[in-house]
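One letter stands for each residue in the lines below.
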Amino acid sequence: KYTSSNGVTFNLLDFNSAKLYKANFHTYSWGKDVVARQFGEIVSRFTKSAQSYSCTFKFKGSRSYRKQLIDRFHFETEYDICHMTPGRLTWGDTYIDCYMISSKTEPDGDGMTYTENEVTMYCPYPFWIKEQVVEIYPTSEAEDNETTKGYATGKYQYPYSYCGAPTNVYINTEHYKDSDFKMIVYGSANSVQWTIGNNIYKVDYALRSNQYMVIDSRQSTSPDRQCYVVSESGIITNVFDYRDPTEGDIFKKIPAGKSILNYSREYGMELTIYKERSEPIC
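The rules we used
- Sequence order sets the numbering: in each chain, residues are counted from 1 along the sequence as written.
- Given that this is a predicted model, residues contribute local features only at a pLDDT of at least 70 and side-chain atom pairs are listed and counted only at 80 or more, while totals for whole chains, interfaces and linings are drawn from all residues.
- By convention in this description, side-chain values take in all heavy atoms of the structure and omit both hydrogens and water.
- Strands were regarded as paired on the criterion that DSSP finds at least two bridges between them.
- Strands are runs of DSSP state E lasting at least two residues, helices are runs of H or I lasting at least four, and both sets are numbered from the N terminus onward.
- Salt bridge, as used here: a side-chain nitrogen of Lys or Arg that lies within 4 Å of a carboxyl oxygen of Asp or Glu.
- Only protein chains enter the accessibility calculation, which uses a 1.4 Å probe; a residue whose area is less than 20% of its type maximum is buried, one above 50% is exposed, and one in between is partly exposed.
- What is meant by a nonpolar core is a set of buried Ala, Val, Leu, Ile, Met, Phe, Trp, Tyr and Cys residues, joined one to another through side-chain atoms within 4.5 Å.
- Pairs of residues are marked as contacts when any of their non-hydrogen atoms sit within 4.5 Å.
- In this analysis an axis means a line fitted to C-alpha atoms, helices contributing only their contacting stretch, and an angle means the value between N-to-C directions, from 0 to 180 degrees.
- N or O atoms within 3.5 Å of each other form a polar contact, as long as, within protein, one can give a hydrogen and the other can take it, and as long as residues adjacent in sequence are counted only when both atoms are side-chain atoms.
- The predictor attaches a confidence to each residue, and that confidence, scored 0 to 100, is pLDDT.
- A helix's residues, less one, multiplied by 1.5 Å, set its expected span.
- Taking the helix axis as origin, the arc is that swept by the directions to the C-beta atoms.

Caption draft 1: Here's a closer look at the pairing of strand 18 (residues 257–262). In this sheet, strand 18 lies alongside strand 11 (residues 168–173) in antiparallel orientation, the contact comprising six bridges. Note on strand 18: the bridge partner recorded for Tyr170 is Ile260. Strand direction decides the pairing type here: strand 13 (residues 192–196) and strand 18, joined by two bridges, are antiparallel. When the sheet's bridge partners are listed, Thr195 is paired in strand 18 with Asn262.

Caption draft 2: How the structure looks around the pattern of salt bridges. For the coordinates displayed, the defined rule picks out six salt bridges. Across the pair Asp97 and Arg88 runs a salt bridge whose closest N-O atoms are separated by 2.8 Å. Classification of Arg88 by relative accessible area gives partly exposed; the value is 32%. Glu276 is paired through a salt bridge with Lys177; the nearest N and O atoms lie 3.2 Å apart. A residue pair is termed long-range when its members are at least 10 positions apart, and Glu276 in strand 19 (residues 268–277) and Lys177 in the loop between strand 11 and strand 12 (180–186) qualify at 99 residues. Since its relative accessible area comes to 6%, Glu276 is described here as buried.

Caption draft 3: Summary view of the nonpolar core. In terms of nonpolar packing, the biggest core is built from 30 residues, with Val185, Trp194, Met213, Ile215, Leu261, Met269 and Leu271 touching the most fellow members. Listing elements by their share of this core, those giving two or more residues are strand 10 (128–136), strand 11, strand 12, strand 13, strand 14 (199–203), strand 15 (212–216), strand 16 (227–230) and strand 19. Dropping the residues within four chain positions of it, Ile215 is found in contact with Phe181, Lys182, Met183, Trp194, Val203, Gln226, Cys227, Ile250 and Phe251. Core analysis: the second largest hydrophobic core is formed by 22 residues, Cys55, Phe73, Met100 and Val119 among them.

Caption draft 4: The arrangement of the sheet that holds strand 13 in detail. Read across the open sheet, the four strands follow the order 11-18-13-14; overall the sheet is antiparallel. Every interior strand has two partners, whereas the edge strands, strand 11 and strand 14, have only one. Pairwise comparison of adjacent strand axes, ignoring direction, gives a mean angle of 20 degrees for this sheet. The pairing of strand 13 with strand 14 spans five bridges and is classified as antiparallel. Bridged to Gln193 within strand 14 is Lys202.

Caption draft 5: Spotlight on the environment of Tyr95. Along the chain, the position of Tyr95 falls in strand 8 (residues 94–105). In this structure, the C-alpha to C-alpha distance between Tyr95 and Pro280, residues 185 residues apart in sequence, is 7.5 Å. The contacts of Tyr95, once residues within four sequence positions are left out, are Arg88, Leu89, Thr90, Phe127, Trp128, Ile129, Glu131 and Tyr274. Of the polar contacts made by the side chain of Tyr95, one reaches the side chain of Glu131; its length is 2.7 Å.

Caption draft 6: Spotlight on the confidence of the model for the protein. Scored by pLDDT, the protein comes out at a mean of 88, with 88% of its residues at no less than 70. In this model residues 145–165 is a low-confidence stretch, pLDDT under 50, and it forms 44 contacts with partners more than four residues away in sequence or in other chains.

Caption draft 7: Representation of helix 1 (residues 63–82). Counted at 1.5 Å a residue, the expected span for helix 1 with its 20 residues is 28 Å, and the 28 Å between its end C-alpha atoms agrees. Every buried residue of helix 1 is listed here: Arg66, Leu69, Ile70, Phe73, His74, Glu76, Thr77 and Asp80. All buried residues of helix 1 fall inside an arc of 155 degrees around its axis, so they share one side. Exposed residues on helix 1 whose side chains face more than 90 degrees from its buried face are Lys67, Gln68, Asp71, Phe75 and Cys82. Residues of helix 1 that are buried in the fold lie against strand 1 (2–3), strand 2 (9–10), strand 6 (51–60), strand 7 (87–91), strand 8 and strand 9 (114–123).

Have a look at this one:
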C-alpha cells in the first residue's frame, strides 16, 4: 500500500485503487570511498545514495472512472512534494518513505479498459525498515499482567519474555547491524534512566503523570527537539540539555542480537527498534 503524507491510503493490489503492475524493489547498490594501491584498493567506507525506482501503475474501469482514480492518486503524490513530506510505501512488514517525482500517462486507445501510468519513486533515505516494538510495563502493573510472560506485542508478534528479573527486560534484535530506535517514556518519573550493555541512557528531567518523553536516535544530528517532552495539551518542551553526556550516549543504537535493558520499572516505556535493509523482505 501507499500512504500519502495527507493520510490517504491506496491499495496497490487493487485495480480500483492504484494497481502496482511493475516495479523492481529488490535492486540496490552501495558506493565506496577507496584509496588506490598498486594492486587493488583500500576501502575506507561504504556509502549509499538516494534510491529511485521505476514503477508502472494500472488503472481499470470506464474512462471517466479511471480519470477519477488517476486524478486522486496524483493529487496525493503532488501533495507530498508540495509539502516536502514523503509518503510511505509498505511492502509486507517493511516500509520506505518516498516521493513520486515524475509521471507519464499514455493516452488510452479506443476500447481499452485500463490506463498505464509510469512513475519514478524517489527515496531520499534509501532503506526499507521493519519495526520491532517492545512494550514495557511498570513492575506494579506487570506483576498482574499475563502479557509479561512471553507475550506477543499486537500486530508485531514478537514472543519475547519481557519480565525476567524485576528490573531486566530481555530484547532479541534479529538483525545484522545495530539499529536506530525511538523510546517513549510515560510519566510519572523523577528522572529517566536505563542501561543497555555498558551504556547509560539518562535524562535528568521529572515527568508528570500526564506527560511523556520521546528520545529518537534518528534525530541525533537535528538542531532541535532531539529529546523532548509532550504535555497533555500537546505542548512540546526540548529537554536535550537535561542529559548528562559524561554518563552515556542517549542516542546510542540498539545492538544486534540479545541484550538486556535494565531500569527501575517504576514507569512504563515503549521501545521501537528500526531495523534497516537495502531491500524489502521477500
